[in-house]
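This is what each chain is made of:
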Amino acid sequence: MGTPASSHCPKTWLLVVVKKRSRVPGVMITQFVERLPAGKSTPDFARKPMTTTVQEGKKAFFKAMVSGEPPPTVSWGRNKGEMDDPEKYSTRYDERAQEHVLEILNVKHDQADSYKCFATNEYGQAVCAVTLNVIEAFKKKTQNANGPNGQATQDFRSMLKKTNVVTRKKQLPPQKEGEIDPKLLELLLSAPKKDYERICLEFGITDFRWLLKKLKQMKKEREDEQSKVVENLENVKQIEVKPTGRAEFSFDMKLRDPNSAINLYKDGMMIPYDDDKNSKHSLQKTGINYLFSIKDPQREDAGFYQVDVEETNVLTTDFQVPDVEFVAKIKDTKVTQNEDAIFQCVLSTPLNKIAWSKEDALLEHGGKYEITISEDKLTHTLRVKDCQMADKGAYYVIAGITSSSASLAVQADSSASMGTKASDKSKLASEEQKFLKKSTDMDTPKQTETENENDAADRSDKVAQENIEDGKEGTDGKDGGDGKGIGDGTGKRNDEDKCDEDGKYKNLDEEDKSTTDDASDKKKKPSRAALLVTDSDLDRGVQFVRGLSDINAKVGERAEMSCKLNSETSEGRWYKNGKLLTQEDGVKIIKDGACHSLIIECCEKDDTAVYCFEAEGRKSEATLNVQDPPRLDPDALGEFTNPVIVRVGENAKWKLPFSGGAPMNIQWYKNDDELLPAVNVKIDTSDTESQLRLIKCQRKDTGEVKIKIKNEFGIIEAVSRLIVLDKPTPPQGPVEIIESAVTSVEFKWKPPKDNGGCPVTKYIIERQQVGRNKWSNLGEIPGSPSYKDTDVDPGRRYCYRIRAKNAEGISDYLQTGDIPAGVLRYPGPPATPKVVSAFKDCINLSWCPPCDTGGTKILGYNLEKNKTGTNYWSLVNQKGQITDTKYAVKDVFEGVAYQFRVSAINLSGAGEPSFPSEAIIARDPKKPPGKVTDLKSTSSSYTTFSLAWTKPKEVKGVEDEAQGYYVEIRPIESLEWTRCNATPISLTSYTVLGLKAMAAYWVRVIATNYGGDGEPQGFDNYIIAMPPPVRPRFKDRNMKTLMVVKSGNTVRLNINFEASPMPDISWIKDGIPLLKHVTITNTDRGSQLLIPTSERSDSGMYTITVKNIVGKESFSFEIRVTGKMSAFIKINYYYYYLDSILLALYIHKYREMLKKKSVISHNFVGNLEF
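Nothing here was measured: the structure is a model prediction, and the numbers come from that model.

Comments concerning the overall build of the protein chain
Working step 1: In terms of regular secondary structure, the protein chain is built from 10 helices and 82 strands.
Working step 2: For the protein chain, the accessible area works out to roughly 67400 Å², and carbon and sulfur atoms hold 49% of it.

Right under this line is the structure:
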């Protein structure tokens, strides 16, 4: 299919347009020249502008960084409208950030558009598109009057303007392996505590207590964030489907700014809403209550819903729509007062919980209602206990978005005999169920009834059913019944009921002549007859068991429409758009018993019509829609899919005929990029064929070529491949030296990155001796990327050139570095040998080759062994070098410990040995030990706790002796275990250090030996880092209850106590907190009260209270601060306070001194305290 270029074409000048793919997604580069000069490049975007969403009235910025040589010029444009108004658009270049900036000064809603950034120089142009989304701001309706809640009344409808702009909310981070799903935390932040367990179970978490601490911290941060825009948020209700069929969630919220934007997101995508209940998404606001609802929820409405005020999240809820249907729905129930009513349904998919409700009230398990679920979670039952008149009404059950409803009728309790035995009622009920089942099977969709006898039959069914359920006196007819009947409530048919020629039951207006009825003295009520006796009595004529269904078919395909009647003898007729169909119309009409089929073997467009089947006045209709999607001829498609192979500079052509309904939309793609008509791209399309030509193909054009044909009925694609043949690219380095010996040099390289579309057949090798200018051709070698040069001089250095060759030509060369020949180099040491397994008579080892081979290949290895405790190394491989990197050492003695080391050998000889391996004892493998026993905690403190255990028992052949132990701890909020001791301990006790005070830890002990670690043994409960609980008590039993100091002196009082855990310590003075100048210093063993400079106001009763989780203890004492006394009087304070009698004696002495001395301190009496 390729077309070679003509060598005799006249020379013409053409504008070359080459489309290039940028490294930045979404950027299209157009090159204006075929070949770029050296050092020049087309424009490109180092960082393209990003799509942004702004609120109306604010500024919007687009920033771009471009590259290219020469530096390109940047311009901006938009799809709809011009950008020449400087008051709306401003462009500038930020030299510091090297960014080109487009600034939209005051964003309007009509500026929401697709904008383009162009970077252009003389060699090409780069273009990228970016979108500006504009969100309309909610507008406030100014009023002077206040609403009922004290807030200004708002025009709420104006706040709910619809917008077609779709914005995306910042996505939650994806769940990392071993971490909590961020969605779980978001849901818990908005959910009430009673729903925590249910939500965690949905995410597979059974114990969520360890989450509470983190959740509490996140909740505080969220509340702090919400407080900036919301004054109060409460009464949050998660999303649920209501009996009305709407999915609703609500909350009470008082905004700080009534004009704040309220946004609704689904799976991070903003969705529009308004206040119209008939809209898909609506918001109803009543006072401070916000009610969001989704009308007619479908499966696609399931998702993660979030409500934001401005950019602050206030509610998160998860709407799940399980794939469930009702296998059996709930049914109407009639009970007598004080009896229990039962509603039961069966689901198609197990569910842990479904919603039961009465009208708009959700029903919960307990008290009046008992909700039970079967073990397979398919059968759900609601029991209404002790039914009263208030319990009657409609009841609903909701599973996902599917619901079922039934009514509950409650009759007054009556002891009067109604003439029907219980056994008769059961029999009639059984017959009723059989009849209902039969009539249900006969219901079909798209069934048209043209006669009125079916209405009469339906009314008769209901009459029979109600009589059986009642078992009492007849009631007035329903469902449009125009007559009245006489019934005795027994469910049997009365003789007075007759049947007319149309199959309708006539109810005679005769009164019941029975004289044994208890209500004979009352006016007789006409009752309905019980018609459930035999099927012949209730013959409803021909019925559709299965009606016709709408079908779609493609042109040329087979279409079949079928229905089924309840009678195998009934005949019927088929109609197309009201016209009778026969076999002569090109269709097959088949009757197979009760099944009737219409078959069209090869559909055509004219077969699209409404088809009807009629039998004895019954009709069922359905539509056949014949579609004509694009079609391809198989032969043409097979030819199209063959690869098109051309040489560089030649033209490539594809042609594909098609058929199908018009109009057709044809698109060509190359490597998933759409091809548009250009200088080097020619596309010719007619009604039945499309052709693509690529002019002067280059090697980079190699790739997938695809055509996409689409019309209103479907889409079809065909894929071909373009292969442009060219010479290969140069071989790839780096060149790796395999061997550098005295007489030879061997090296290898990597094949070309691009083989030019055909395999590399040979490599051409040239050699130059370092220091000379001449290159000598060593010839061609097969396609293996390696070469061994055996014609070298010892000690010389050589450089090589390597070219790849295929059927199209020879590539450029790859030049090696200097490669020495004849240098004596030993290999480096291999990796330390590792013990694979050990037995009493054999030890298996393995190791890795050395990184440094010494310039030549490794020929083998020497292995040495050493008995632990000696310095002598002996060679293991006495019979010759080891060629593999593993070896089984059999020259060992049982119970002896050995170390091993290995050295590599190349053409120069053996190199340095590796580091010795770990000591290994020659003995048979051991079994891991069992669990330790009697694990217990012996002591604990705020930073440590001590453990003790018993050594596990040895079970021969199952569990060997333990040789050491590991102790591991795990904080209760973490999932990872931390090993406390890096090496095993031999003792059966251990003290864990460095704990966090009052933190909770899980602890376990693991026994170990040479055979491995045993099963861990832990505690049933976590351990808290704290001493054993001790009730607070004061240590000093002889503490004084009175302290007397002079004013101005320091008061220091130490109270020692013991308590565990660390208690709370409080001080009061005369029942009130201490003043600021009183200093309290607390430790875990005592408390100190300090008054640096006492005053008389410091006198009083001081009480210290020590309290912890075990209990509390208090101690009270009195401090008396006295004033300064006169120098003339010295009072013995001990006796002064000892007894009031002594005080009276001092006062008497004072009065005597007043008589003798003329000067005395006036403060004496004032300083005395009683």
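Looking at the pairing of strand 17 (residues 303-309)
Within a regular strand, side chains alternate between the sheet's two faces.
Working step 1: Of all 7 residues making up strand 17, 7 are buried, and the element is well covered by its neighbours.
Working step 2: The sheet contact formed by strand 13 (residues 262-266) and strand 17 spans 5 bridges and is antiparallel. Paired with Leu264 across the strands is Val307, a residue of strand 17.
Working step 3: Judged from the 7 bridges that link them, strand 17 and strand 18 (residues 312-319) form a sheet pairing that is antiparallel. Counterpart to Tyr305 in the pairing with strand 18 is Thr317.
Working step 4: Between strand 17 and the antiparallel strand that follows it, strand 18, lie 2 residues; Glu310 among them carries a positive phi value of about 55°.

Notes on the nonpolar core
Working step 1: Core analysis: the biggest nonpolar cluster contains 25 residues, and Met253, Ile262, Leu264, Phe292, Val307 and Phe319 have the highest contact counts within it.
Working step 2: Taken together, the elements giving at least two residues each to this core come down to strand 11 (230-241), strand 12 (247-255), strand 13, strand 16 (289-294), strand 17 and strand 18.
Working step 3: When residues of this core are assigned to their parent elements, the largest contribution, 5 residues, is made by strand 12.
Working step 4: If sequence neighbours within four positions are ignored, Met253 has contacts with Val230, Asn232, Leu233, Ile262, Ile288, Tyr290, Val309 and Val314.

Observations concerning the side chain of Ser690
Working step 1: For Ser690, the position within the fold is in strand 46 (residues 689-694).
Working step 2: Side chain to side chain, Ser690 and Trp668 meet in a polar contact 2.9 Å long.
Working step 3: Polar contacts involving the side chain of Ser690 include one to the side chain of Thr685, which spans 3.1 Å.
Working step 4: Contacts of Ser690, omitting those with residues within four sequence positions, involve Trp654, Lys655, Leu656, Phe658, Ile666, Trp668, Asp684, Thr685 and Ile707.

A closer look at the packing of aromatic side chains
Working step 1: Tallied over the full model, the rule gives 21 aromatic pairs.
Working step 2: Seen from their ring centres, Trp949 and Tyr965 are 5.5 Å apart, and the 65° between their planes marks the pair as edge-to-face. With Trp949 in strand 66 (residues 945-950) and Tyr965 in strand 67 (residues 964-971), this pair connects stretches of sequence that are 16 residues apart.
Working step 3: Using a relative accessible area of 5% as the deciding quantity, one classes Trp949 as buried.
Working step 4: Take Tyr965: its relative accessible area is 2%, and that puts it in the buried class.
Working step 5: Between Trp1067 and Phe1117, the ring centres sit 6.3 Å apart and the planes meet at 85°, which makes this aromatic pair edge-to-face. Of this pair, Trp1067 sits in strand 77 (residues 1064-1069) while Phe1117 is found in strand 82 (residues 1112-1122), placing the two residues 50 residues apart along the sequence. Taken as a pair, Trp1067 and Phe1117 share a single burial class, namely buried.

Focus on helix 2 (residues 182-190)
Working step 1: By the criterion of burial, helix 2 is predominantly enclosed, with 8 of the 9 residues buried.
Working step 2: For helix 2, every residue scored as buried is listed here: Pro182, Leu184, Leu185, Glu186, Leu187, Leu188, Leu189 and Ser190.
Working step 3: The elements touched by buried residues of helix 2 are helix 3 (196-202), helix 4 (212-226), strand 11, strand 17 and strand 18.

Some points on the environment of Gly617
Working step 1: Relative to the helices and strands, Gly617 is located in the loop between strand 38 (609-615) and strand 39 (618-627).
Working step 2: Judged by relative accessible area, which is 16%, Gly617 ranks as buried.
Working step 3: A C-alpha to C-alpha distance of 8.5 Å links Gly617 and Val542, two positions 75 residues apart in sequence.

A short note on the environment of Arg573
Working step 1: With respect to the helices and strands, Arg573 occurs in strand 34 (residues 573-576).
Working step 2: Residue Arg573 is classed as partly exposed on the basis of its relative accessible area of 46%.
Working step 3: Separated by 46 residues in the primary sequence, Arg573 and Lys619 have C-alpha atoms spaced 9.7 Å apart.
Working step 4: Excluding residues within four positions of it along the chain, Arg573 makes contact with Leu580, Cys612, Phe613 and Glu614.
Working step 5: Reaching out from Arg573, the side chain makes a polar contact with the side chain of Tyr575 at a distance of 3.5 Å.

Comments concerning the side chain of Gln226
Working step 1: Looking at where Gln226 falls in the secondary structure, it is placed in helix 4.
Working step 2: The exposure class of Gln226 is buried, given its relative accessible area of 13%.
Working step 3: Polar contacts involving the side chain of Gln226 include one to the main-chain carbonyl oxygen of Asn313, which spans 2.9 Å.
Working step 4: In this structure Gln226 touches Leu233, Thr312, Asn313 and Val314, once residues within four positions along its chain are discounted.

Quick notes on a nonpolar patch on the surface
Working step 1: Together, Met998, Tyr1022 and Ile1024 line one region of the surface with nonpolar side chains, adding up to about 270 Å² of accessible area.
Working step 2: Assignment of secondary structure puts Tyr1022 in the loop between strand 72 (1017-1018) and strand 73 (1023-1024).
Working step 3: Overall, the relative accessible area of 40% leaves Tyr1022 in the partly exposed class.

Some points on the pattern of salt bridges
Working step 1: The full count for this structure, using the stated rule, is 36 salt bridges.
Working step 2: Its salt-bridge partner being Asp754, residue Arg699 comes within 2.5 Å of it at the nearest N-O pair. Here the residue Arg699 occupies a position in the loop between strand 46 and strand 47 (703-711), and Asp754 occupies one in the loop between strand 50 (745-750) and strand 51 (762-769), the gap between them amounting to 55 residues.
Working step 3: By relative accessible area, Arg699 is classed as buried at 18%.
Working step 4: Linked through salt bridges whose partners overlap, the residues forming this network are Arg558, Glu560, Lys588 and Glu601.

Comments concerning the sheet that holds strand 50
Hydrogen bonding along the main chain pairs the strands of a sheet, whether they run parallel or antiparallel.
Working step 1: Ordered by their spatial adjacency, 3 strands build an open sheet running 49-50-53, and the pairing between neighbours is antiparallel. Two strands lie at the open edges of the sheet, namely strand 49 (732-740) and strand 53 (786-789), each paired on one side alone. Each neighbouring strand pair of the sheet contributes to a mean axis angle of 20°, computed without reference to strand direction.
Working step 2: Bridge count between strand 50 and strand 53: 4 bridges; the pairing is antiparallel. Bridge pairing in strand 53 places Glu746 opposite Lys788.

Observations concerning the packing of helix 2 against helix 4
Working step 1: Packing of helix 2 against helix 4 brings their axes to within 10 Å, and their N-to-C directions diverge by 65°. When the interaxial angle is binned, helix 2 and helix 4 end up roughly perpendicular. Helix 2 and helix 4 meet at a crossing whose hand is right-handed. For the pair helix 2 and helix 4, contact is made by Leu185, Glu186, Leu188 and Leu189 and by Lys214, Leu215, Met218, Lys219 and Arg222, respectively.
Working step 2: Here the contact of helix 2 with helix 4 is built from residues that sort into 5 nonpolar, no polar and 4 charged.

A short note on the sheet that holds strand 16
Working step 1: Spatially, the 4 strands line up as an open sheet ordered 11-12-16-15, and their pairing is antiparallel. Here the strands that pair on one side only, and so sit at the sheet edges, are strand 11 and strand 15 (281-286). Neighbour to neighbour, the strand axes of the sheet diverge by 15° on average, direction disregarded.
Working step 2: Of the pairings in the sheet, the one linking strand 15 to strand 16 comprises 6 bridges and is antiparallel in character.

Focus on helix 4
Working step 1: For helix 4, built from 15 residues, the straight-helix expectation of 21 Å at 1.5 Å per residue is met to within 8% by its first-to-last C-alpha distance of 20 Å.
Working step 2: Regarding helix 4, the residues found buried are Leu215, Arg222 and Gln226. Taken end-on, helix 4 shows its buried residues confined to a sector of 40°, consistent with a single buried face. Of the exposed residues in helix 4, the ones pointing more than 90 degrees away from its buried face are Lys213, Lys216, Gln217 and Lys220.
Working step 3: Buried-residue contacts for helix 4 involve helix 2, helix 3, strand 11 and strand 18.

Some points on the confidence of the model for the protein chain
Working step 1: Per-residue pLDDT for the protein chain averages 79, and the proportion of residues at 70 or more is 79%.
Working step 2: Mean pLDDT values for the elements of the protein chain range from 36 in strand 30 (residues 505-506) up to 95 in strand 67.
Working step 3: With pLDDT under 50 throughout, residues 1157-1170 is counted as low confidence; its partners more than four residues away or in other chains account for 24 contacts.

Side note on unusual backbone geometry
Working step 1: A cis amide bond, omega 0°, links Glu69 with the succeeding residue Pro70.
Working step 2: Following Gly733, the chain continues into Pro734 via a peptide bond in cis, with omega recorded as 0°.
Working step 3: We note that Asn671 has phi near 55°; this positive angle belongs to a residue other than glycine.
Working step 4: Given a relative accessible area of 29%, Asn671 falls into the partly exposed group.
Working step 5: Located in the positive-phi region is Met998, a residue other than glycine, with phi close to 65°.
Working step 6: The class of Met998 is partly exposed, set by a relative accessible area of 43%.

The rules we used
Residues numbered from 1 in each chain as written. Predicted model: local features only at pLDDT ≥ 70, side-chain atom pairs only at ≥ 80, totals over all residues. Heavy atoms only, no water. Helix = DSSP H or I, 4+ residues; strand = E, 2+ residues; numbered from the N terminus. Areas by Shrake-Rupley, 256 points an atom, 1.4 Å probe, with all protein chains shown as cover. Buried < 20%, exposed > 50% of the residue type's maximum accessible area, 1.4 Å probe, protein only. Pairing = 2+ DSSP bridges. Core = buried A, V, L, I, M, F, W, Y, C linked by side-chain atoms within 4.5 Å. Contact = heavy atoms within 4.5 Å. Polar contact = N/O pair within 3.5 Å; in protein donor to acceptor, adjacent residues only side chain to side chain. Phe/Tyr/Trp six-rings, centres within 6.5 Å; stacked < 30°, edge-to-face > 60°. Patch = residues over 30% accessible without salt bridge, like charges linked within 9 Å, V, L, I, M, F, W, Y side chains within 5 Å. Salt bridge = Lys/Arg side-chain N within 4 Å of Asp/Glu carboxyl O. Axes fitted to C-alpha atoms, helices over the stretch in contact; angles between N-to-C directions. Parallel < 35°, antiparallel > 145°, perpendicular 65-115°, else oblique. Left-handed = near helix turned anticlockwise from the far one by under 90°. Nonpolar A, V, L, I, M, F, W, Y, C, P; charged D, E, K, R; others polar. Expected span 1.5 Å × (residues − 1). Arc of directions from axis to C-beta. pLDDT = per-residue confidence, 0-100.

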